[in-house]
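Next come the chains, spelled out residue by residue.
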Amino acid sequence: MLEQEVMSCETDMAGQSPLALSVQQEVQLRFLGPADVAEVKKLCREWFPIEYPDSWYEEITSNSRFYSLAATHHARIIGLIVAELKPQGKLNKEDGDLLASYYPPTAQVAYILSLGVVGDFRRNGIASLLLDSLLSYLTSKDRADCKAVYLHVLSTNTVALRFYERRRFRRHLFLPYYYAIQGKARDGYSYVLYINGGEPPWSIFDYLTHCSTVVTKLQPCALPRQVYSAVRNIVQRLLSRSVTEVSHNS
């Protein structure tokens, strides 16, 4: 099963036109089935630069562990999204730090394998419609243990990057030479959206902020004044340095 997929999606217009709304009213959503293999294979070959094995198409159209949803227009598949729910303890090494350290290995995360829309139907909100359906499913009461949704994307796929950032996904990691496309190594990013109260790992800045808050709340009488002042000054200096480094790196 391939884990290093390329995302492809269209830019959805911030304010949808009457035409876009009209198209959406004619779109129906349904789950993929085995009879869709040939059509899905044709679409993915048009959308993505990676060649998927036949077993991949068979799995996403028949295995219940995949959330494989199609958008259809007059029975024609014009878009699809494929995602998989899995425990964070079974993630690849590069994705192992999606959640804060206090979450158990059994905590669930969802991986978006593919999201694509037929060229003629782009800029009509179809990608957002598919993504919204997935997020609605993942934030239902039965999926409360799913704490994050993540994906991988080519660093040069600016259309997809803007789409996910507009949808409040945040850049998690830069992945140098992550993809091998037509014999060439290509860089990628991982993006993540936290849901159902999920939280990312703490950064040094988070730890310093927490320590500063704790020290500030301490009563001076609880510690010798000199010790209290020294600890507070050290934490404040470290916090200041961390903020400066963050701003320089930005």
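Values in this document were obtained by computation on a predicted structure and should not be read as measured data.

(A) Broad picture of the side chain of H152. Turning to its location among the elements, H152 is positioned in strand β5 (residues 146–154). Within the structure, H152 has its side chain in polar contact with the side chain of Y111 (distance 3.0 Å). Within polar-contact distance, the side chain of H152 engages the side chain of Y178 at 3.2 Å.

(B) Structural context of the sheet that holds strand β2 (residues 66–73). Overall, mixed pairing links the 7 strands, which are arranged β1-β2-β3-β4-β5-β7-β6 in an open sheet. Single-partner strands in this sheet number two, and they are β1 (27–31) and β6 (170–181). With strand direction ignored, the average angle separating the axes of adjacent strands in the sheet is 25 degrees. Running at roughly 85 degrees to strand β3 (residues 76–87), helix α2 (residues 37–47) makes contact with β3 and β4 (108–117) of the sheet.

(C) Main features of the pattern of salt bridges. In total, this model carries 9 salt bridges according to the counting rule given. Close ionic contact of E84 with K86 constitutes a salt bridge, the shortest N to O distance being 3.8 Å. A relative accessible area of 8% places E84 in the buried class. Taking relative accessible area as the criterion, K86 reaches 7% and is therefore assigned buried. Where R171 meets E165, a salt bridge forms, and the shortest distance between an N and an O atom there is 3.5 Å. Through salt bridges that share partners, E59, R65, E84 and K86 make up one connected network.

(D) Structural detail: the nonpolar core. I81, I112 and F169 are the most contacted members of the largest nonpolar core, which has 69 residues in total. Leaving out residues up to four positions away in the same chain, F169 has contacts with I112, L131, V149, L151, Y164, Y191, V192 and L193.

(E) Fine view of the pairing of strand β7 (residues 184–194). Pairing of β5 with β7, which is carried by 7 bridges, proceeds in the antiparallel orientation. Bridged to V149 within β7 is L193. Direction of pairing for β6 relative to β7: antiparallel, over a ladder of 8 bridges. The residue bridging L175 from the neighbouring strand is G188, located in β7.

About the cut-offs
Residues numbered from 1 in each chain as written. Predicted model: local features only at pLDDT ≥ 70, side-chain atom pairs only at ≥ 80, totals over all residues. Heavy atoms only, no water. Helix = DSSP H or I, 4+ residues; strand = E, 2+ residues; numbered from the N terminus. Polar contact = N/O pair within 3.5 Å; in protein donor to acceptor, adjacent residues only side chain to side chain. Pairing = 2+ DSSP bridges. Axes fitted to C-alpha atoms, helices over the stretch in contact; angles between N-to-C directions. Contact = heavy atoms within 4.5 Å. Salt bridge = Lys/Arg side-chain N within 4 Å of Asp/Glu carboxyl O. Buried < 20%, exposed > 50% of the residue type's maximum accessible area, 1.4 Å probe, protein only. Core = buried A, V, L, I, M, F, W, Y, C linked by side-chain atoms within 4.5 Å.

Purely geometric numbers; function is a separate question.
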